[in-house]
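What the coordinates show
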Amino acid sequence: MTVAGTRCTTCGADSATADYCDSCGAPLGAIATKHAPAAPAAPAVEVCPNCNAARTVDDTFCESCGLDFATGQMPAAPAASPPPAAGAPSGWVAVIEADREFFDTNQVTDATGAKPAYPAGLSAREVPLTGDEVVIGRRSESKGFFPAVDLSEGASDPGVSRRHAVLRRQADGTWALVDEMSTNGTFLNGADEPLDNGVSIAVHDKDCIRVGAFTRITFSSSSSSCSSSSRQAAP
Amino acid sequence: MTGTVFSASVFQNEFLPEGTTEVNAVVTVTAVGGDGGVAVSDVEKIVLLIVDVSTSMENPRTKINAARRAAAAACAAMPDGVLFGIVAGADYAVQAYPYEGETALARADDRTRAEAAEVARSLPTGGGTEISKWLDLAREIVEPYEGAIRLAYLLTDGENNDNDHSEFPRAIARATGVFQCDARGVGENWHVSELRQITSALLGEVEVISDPAAMEADFLDFLDRAIGKTVADVKLRMWAPKGSTVRFVRQVAPTIDDLTPKAQPVDALTNAYPTGAWSGDESRDYHVCVDVPTGNVGDEKLAARVSLMVGADAVSQGLVRAVWTDDTALSTRINAQVAHYTGQAELAQVIQEGLQARKDGDIDTATIKLGRAVQLAAESGNDGTLRVLRGVVDVEDEASGTIRVKRDAGKLAEMELDTRSTRTVQVKRATPAPEGK
């Protein structure tokens, strides 16, 4: 029954079967390497080796960059690339800054349950609002999702949901803010309670939108931000 | 071959602690896609009805009348194209249809169905019971039809005569591999173990028919299943490595049947186990247990290659592996399928032991054994067995197996429990890991 078999390196028999030796049962060829003794379990990794974002050992993919921890592969490039800024400039901008006071008062934690680090020394950046709908959130390369106000850029804010909130231009040219069922809520002008999910609230020049662990977004007709002092003290 | 496709899945924990040798796995074989239920198939099908016409069937007369009616109904329902016949058995055996003395079979059509039903309705009675003669005649009739699916349905009410006790096992041995045989006991004067000898060797099932009126329905039910068979003579072939010992190969669902003693050597490392005919829509589970020479931590070995053979073709295979590890988290994992069927096998065993103890008057042992049976049946959701157990014991608490053996339980309840003891339930499937094709 041994016709042009495979030589078993374990027992030396000629095996008619190519997967396992038909005499001693040892794996042959491809199977032998596939089932090589497993390496000792990797130590618990606390940060993504690619982007250094915090992770838990149970995570399969990096929340931030999409790295597959099991294979070390980055997600395949999505069909969609970051869409070019669509629509005409509205004349409004979102000024993005880190807000120390907001950071100190909230309890937002990252994926590991720890309070994230405050990005000291981060300079403000400005995103012009274009089109009628501006999404505030964090990008996902693997899902091909690129919000206009992308809070994973610069100092990535781990407390911001993927699609966190939306600024929408109304028919009369004014703007309204809607929280999109975010995890940690959206706070307008220093309110202690977050906006109700899905309810539109009108926003005006120099209104402060606070999201995530430390992000303050100023809705502005110019490049100036709302000042921390404008935040009203809780009654 | 018909369009039936077989597939095999292996359920096991392949991880073994260092130094151990015992590998357990449950192999589920599923057949799909045959023309089940329809008598159009390129495989010849033979159905032989073997009816007990001994004098005891006259006592009471309802028994022989019910048997005649049931046989007539089965003949009338015989699907077109099936080859069939009737054997009448007492302390002799005759082919009652097609006509005494002939050893050819009739092909079912309107004329033969009507003729056979007429013969069945007027089967004469008389004589003792020598089942070996019935089996021998049945074998002679079907033997020429090689490659056909050959099934017999044996109906009897009595224990075999003493003078047949030496010939009985020999006749079973002669019939083994020639035809498959289901057996039905009517009334309470027969021995379950006797009929089980036939059905175990001839790959059938034994059942008790407590009410003659239920005979016709059972007969038709058997016919239904018989006609659904689309693939004849399927064998399980198992290879195990050099230096290993096959502890057992056991069918564990739908019924428990130890195949180990039926091993037919193929070569030094391979045995074949007959599984009979398959329908195009059925699933059977096999528990295999092999001792393999132990390996070092990190070693992997194939512990068994289980192939399903139709004729000379392997139609599907499952691989049972062994991987030695020092990680106890891996090696102590219990595979749900293996655990379940280990429990079902124990269930069948404690029922047999409990019934034997009860018969011997050892109520203490019977209480322990049947109590354990109640516990196992309840745990595994084997409601059918639990129901018949309740005919023999009073259950106080299922979970702990607290019971009282009924002292006045009828013989029928006991026989029903005995015949049903090997009936298992399949474990609820979580995530099957298909192997092979």
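Each chain has its residues counted from 1, running along the sequence as written. Just so you know, chain letters begin at A and ligand numbers begin at 1, following the order they were written in. This being a predicted model, a pLDDT of at least 70 is required before a residue's local features are given, and a value of 80 or more before pairs of side-chain atoms are given or counted; all residues contribute to the totals for chains, interfaces and linings. Just so you know, side-chain values use all the structure's heavy atoms and leave hydrogens and water out.

**With respect to the confidence of the model for chain B**
All names here are of chain B. To keep things clear, this is the line we draw: The predictor reports its confidence for every residue as pLDDT, a score running from 0 up to 100. The contact criterion used throughout is that any non-hydrogen atoms of two residues lie within 4.5 Å.
Here chain B shows a mean pLDDT of 88. Residues at 70 or above account for 94%. Predicted confidence for residues 35-41 stays below pLDDT 50, and this span has 14 contacts to residues more than four positions away or in other chains. For the stretch residues 429-437, pLDDT sits under 50, and the model shows 22 contacts to residues farther than four places along the chain or on other chains. Taken together, the chains of this predicted complex give a pTM of 0.62 and an interface ipTM of 0.73.

**A closer look at empty space enclosed by the protein**
All names here are of chain A. Where we set the bar: Here the term cavity refers to a set of points on a 1 Å grid, laid over the protein atoms alone, in which a 1.4 Å probe fits but cannot get out; the term pocket refers to an open set having protein on both sides within 12 Å along at least five of seven lines, with lining residues being those that place an atom within 4 Å of a point. Grid points are joined across faces, edges and corners, and a volume is the space filled by probe spheres set on the points. Strands are runs of DSSP state E lasting at least two residues, helices are runs of H or I lasting at least four, and both sets are numbered from the N terminus onward. For this classification, the nonpolar set comprises Ala, Val, Leu, Ile, Met, Phe, Trp, Tyr, Cys and Pro, the charged set comprises Asp, Glu, Lys and Arg, and every other residue, Gly included, is treated as polar.
Across all of its chains, the model carries one cavity of 30 Å³ or more by this definition. Around the largest cavity sit I96, E97, A98, L122, S123, R125, L151, E153, G154, A155, F214 and T215, which together line it. Top element by residues in the lining of the largest cavity is strand 3 (residues 89-98). It accounts for three residues. Grouping the constituent residues of the lining of the largest cavity by class yields six nonpolar, three polar and three charged.

**A few points about the sheet that holds strand 11 (residues 229-239) of chain B**
Either a parallel or an antiparallel arrangement is found when strands of a sheet pair, and the pairing is made through backbone hydrogen bonds. Residues and elements named next belong to chain B. Counted only if it meets this: The rule for pairing is simple: two strands pair if DSSP sees at least two bridges between them. Fitting a line to C-alpha atoms yields each axis, with helices limited to the stretch in contact; the angle taken between N-to-C directions then spans 0 to 180 degrees.
Spatially, 2-18-17-11-15-14 is the arrangement adopted by the six strands of the open sheet, whose pairing is mixed. The sheet is open, and its two borders are formed by strand 2 (15-17) and strand 14 (264-267), each paired with just one other strand. The sheet shows a mean angle of 30° between the axes of neighbouring strands, taken without regard to direction. Note: strand 11 against strand 15 (residues 270-279), eight bridges, orientation antiparallel. Looking at the pairing, R237 lines up with A272 of strand 15. Contacts between helix 6 (residues 215-228) and the sheet are confined to strand 11 and strand 15, with strand 11 contributing the most and set at about 70° to the helix.

**Examining the interface of chain A and chain B**
Heads up, the condition is: Two parts placed together each lose some accessible area under a 1.4 Å probe, and adding up what both lose gives the buried area. Here, a salt bridge means any Lys or Arg side-chain nitrogen found within 4 Å of an Asp or Glu carboxyl oxygen. Polar contacts here mean pairs of N or O atoms no more than 3.5 Å apart (in protein, one a potential hydrogen donor and the other a potential acceptor; neighbouring residues in sequence count only if both atoms are side-chain atoms).
Counting from both sides, the interface comprises 14 residues of chain A and, opposite them, 13 residues of chain B. For the pair chain A and chain B, the two sides together bury roughly 960 Å², of which 50% comes from carbon and sulfur. The interface formed by chain A and chain B holds one salt bridge in total. Two residues, D19 of chain A and R305 of chain B, come together in a salt bridge whose shortest N-O distance is 2.6 Å. In this assembly, chain A and chain B are joined by five residue pairs in polar contact (both at pLDDT 80 or more). Classifying every residue of the side of chain A that touches chain B by side-chain character gives eight nonpolar, four polar and two charged.

**Focus: the sheet that holds strand 6 (residues 149-150) of chain A**
Residues and elements named next belong to chain A. Pairing in this open sheet of five strands is mixed, and the strands run 6-5-7-8-10 from one edge to the other. Only two strands of the sheet have a single partner each, and these edge strands are strand 6 and strand 10 (201-203). Here two bridges tie strand 5 (residues 133-137) to strand 6, and the two strands are oriented parallel to one another. Paired with G137 across the strands is D150, a residue of strand 6.

**A word on the side chain of R210 of chain A**
Residues and elements named next belong to chain A. Rules: Relative accessibility under 20% of the residue-type maximum defines a buried residue, over 50% an exposed one, and the middle range a partly exposed one, all with a 1.4 Å probe and only protein chains included.
In this fold, R210 is placed in strand 11 (residues 207-211). For R210, a relative accessible area of 1% gives the class buried. Within the structure, R210 has its side chain in polar contact with the side chain of D99 (distance 2.6 Å).

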